[in-house]
Amino acid sequence: MGRMAGRRALLAVPVLVAVTFGVFAVAAASPFDPVKAYAGTAGLTASQENLDQLRANLGVDQPLVSRWWNWLTSALGGDLGESAVMRQPVADVIGERLGWSVLLAATAFTIAVVLGTALGVLAARRPGRLLDRCVSSAAYTLEAAPAFWLGLLAIWLFALELDVLPAGGLTDAASDTVTAGQVATHLVLPAAVLGISQLPWFFLYVRQGVADALDEDPVRGARARGLRERTVLLGHALRSGMLPMLTLIGSRVPELITGALLVETVFSWPGIAAATVQAATSVDFPLLAALTVLATAAVVLGNLFSDLLYAIADPRVGFDG
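Since the structure is predicted, the reported quantities are computational estimates derived from the model, not experimental observations. Here, residues in each chain are numbered from 1, in the same order as that chain's written sequence. Totals for whole chains, interfaces and linings use every residue, but because this is a predicted model, local features are given only for residues with pLDDT of at least 70 and side-chain atom pairs only at 80 or more, for both listing and counting. As a rule here, side-chain values cover all heavy atoms of the structure and leave hydrogens and water aside.

**Q** Which residues make up the packing of aromatic side chains, and what are the values?
**A** Classification of ring pairs rests on two measures: the distance between centres of Phe, Tyr or Trp rings, Trp counted by its six-membered ring, which must be within 6.5 Å, and the angle between planes, read as stacked under 30 degrees, edge-to-face over 60 and tilted in between. Scanning the entire structure with this criterion turns up four aromatic pairs. Measuring from centroid to centroid gives 5.1 Å for F21 and W68, while their planes differ by 85 degrees, and the two rings are edge-to-face. Here F21, found in helix 1 (residues 2–28), pairs with W68, found in helix 4 (residues 64–76); they are 47 residues apart in sequence, far enough to count as distant. The rule is simple: take the accessible area with a 1.4 Å probe, protein chains only, and divide by the maximum for that residue type; under 20% is buried, over 50% is exposed, in between is partly exposed. On the accessibility criterion, F21 (32% relative accessible area) is partly exposed. Among the residues examined, W68 registers a relative accessible area of 12% and is labelled buried. Ring centres of F109 and F202 lie 5.6 Å apart, and the angle between their planes is 85 degrees; this geometry places the pair in the edge-to-face category. One end of the pair, F109, is in helix 5 (residues 90–125); the other, F202, is in helix 8 (residues 180–214), and 93 residues separate them in sequence. Look at F109 and you get buried, because its relative accessible area is 18%. Judged by its relative accessible area of 0%, F202 falls in the buried class. Strands are runs of DSSP state E lasting at least two residues, helices are runs of H or I lasting at least four, and both sets are numbered from the N terminus onward.

**Q** Run through the packing of helix 7 (residues 147–161) against helix 8, naming residues and quoting values.
**A** One way to put it is that helix 7 packs onto helix 8 with a least axis distance of 9 Å and a crossing angle of 140 degrees. By the criterion of interaxial angle, the relationship of helix 7 to helix 8 is oblique. Helix 8 is crossed by helix 7, and the crossing has right-handed handedness. Facing A147, L150, G151, A154 and F158 of helix 7, the residues of helix 8 in contact are L189, V193 and S197. Here the nonpolar group is Ala, Val, Leu, Ile, Met, Phe, Trp, Tyr, Cys and Pro; Asp, Glu, Lys and Arg are the charged ones; every other residue, Gly included, is treated as polar. Considered class by class, the residues forming the contact of helix 7 with helix 8 number six nonpolar, two polar and no charged. Fitting a line to C-alpha atoms yields each axis, with helices limited to the stretch in contact; the angle taken between N-to-C directions then spans 0 to 180 degrees. An angle counts as roughly parallel when it lies under 35 degrees, as roughly antiparallel when it exceeds 145, as roughly perpendicular when it falls between 65 and 115, and as oblique in every other case. Here a crossing is called left-handed whenever its near helix is offset anticlockwise from the far helix by less than a right angle, and right-handed whenever the offset is clockwise. Pairs of residues are marked as contacts when any of their non-hydrogen atoms sit within 4.5 Å.

**Q** So what about the pattern of salt bridges? Which residues, and what values?
**A** By definition, a salt bridge exists where a carboxyl oxygen of Asp or Glu is found within 4 Å of a side-chain nitrogen of Lys or Arg. As enumerated under the stated definition, the model contains two salt bridges in all. Here R97 makes a salt bridge to E96, at a shortest N to O gap of 3.3 Å. Ionic pairing is found between R207 and D132, a salt bridge with its closest N-O pair at 2.6 Å. Residue R207 is located in helix 8, and its partner D132 is located in helix 6 (residues 130–143); the two are separated by 75 residues in the primary sequence. Per residue, the accessibility class of R207 equals that of D132, and both read buried.

**Q** Break down the packing of helix 5 against helix 8 for me, with residues and values.
**A** At their nearest, the axes of helix 5 and helix 8 sit 4 Å apart, and the two run at 35 degrees to each other. Of the two possible hands of crossing, helix 5 and helix 8 adopt the one that is right-handed. Within the contact of helix 5 with helix 8, the residues separate by chemical class into 27 nonpolar, six polar and two charged.

**Q** Would you mind going over the environment of T73 in detail, with residue names and values included?
**A** Tracing the backbone shows T73 in helix 4. Within polar-contact distance, the side chain of T73 engages the backbone oxygen of W69 at 2.9 Å. Any pair of N or O atoms that falls within 3.5 Å is considered a polar contact. Within protein, one atom must be able to donate a hydrogen and the other to accept it, and sequence-neighbouring residues count only if both atoms are side-chain atoms.

**Q** Outline the nonpolar core, supporting the account with residue identities and numerical values.
**A** Formed by 42 residues in total, the largest nonpolar core has its most connected members in L104, L194, F202, V210, M245, V263 and F267. Elements supplying a minimum of two residues to this core: helix 5, helix 7, helix 8 and helix 10 (229–266). Counting residues per element, this core draws most heavily on helix 8, at 13 residues. In contact with M245, other than residues within four places in its own chain, are V113, T117, F202, Y205 and V206. Only buried residues count toward a nonpolar core. Its members are Ala, Val, Leu, Ile, Met, Phe, Trp, Tyr and Cys residues joined through side-chain atoms within 4.5 Å. L72, V90, I94 and A275 belong to the second largest nonpolar core, which has 20 residues in total.

Okay, structure coming up:
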């Protein structure tokens, strides 16, 4: 396990370096002017001399490679630079928002895995029956539904029509303190929407995997030995049927990140979504690079985590293979 993780870490280094350079290259080719975005309305009346001085202060007058190299060497030393659009250090921007994004993504991912697995097992137990047809139809429908559309629908139903859950934010409008109860209440809708948007893939993988496992000889042998159906289903079929789903975990991380950005925007969740959008539209090089590295690292860790889970679940797969 240690050797495989070490190899993945070494391979991730050139990937992260290449990603940061790609961010600076794409940002440099963008039609957005970071100086005008930084200056705001004052930039409309500012002289060209003032704009050039501001460009020099922000460091965007340097060549692409120089900007990238200066940022990279500073980042390796622990300095992620200053965010021009946020007017504060990049580390502070990420530190203030990352925890809330992780909370939302982790809660949604747990909902998707647990609920998708449970429904997949129940559907595979009696394929073609009413439950299987209803849940499978809903899963295929949800696959085509954008996360932001599900979010708007949830706000309309639960916040406006039924008035049982808040429409967004982190705390109540009249509150100036953050409490665990308010956070939990405000987390319900965005986490449920994000989790449901990821659920179809887990359900379909588990359903197919368990259905195939129920037709395998070891499971038939367990039934022939007189084991209870629950033991056969959960102890034999589910373990075999979960293997394809474990490989899905890593591949869903990019989709989870994208969905989280959309859901955070819809529900005004104080995560990194707003910072990402502002950094992109304002061509904030340091913040863009840091957020992209963070997302890339999450994808790499997600794939490593899924490989480790697969190796633990199936002893035939070696950690160093």
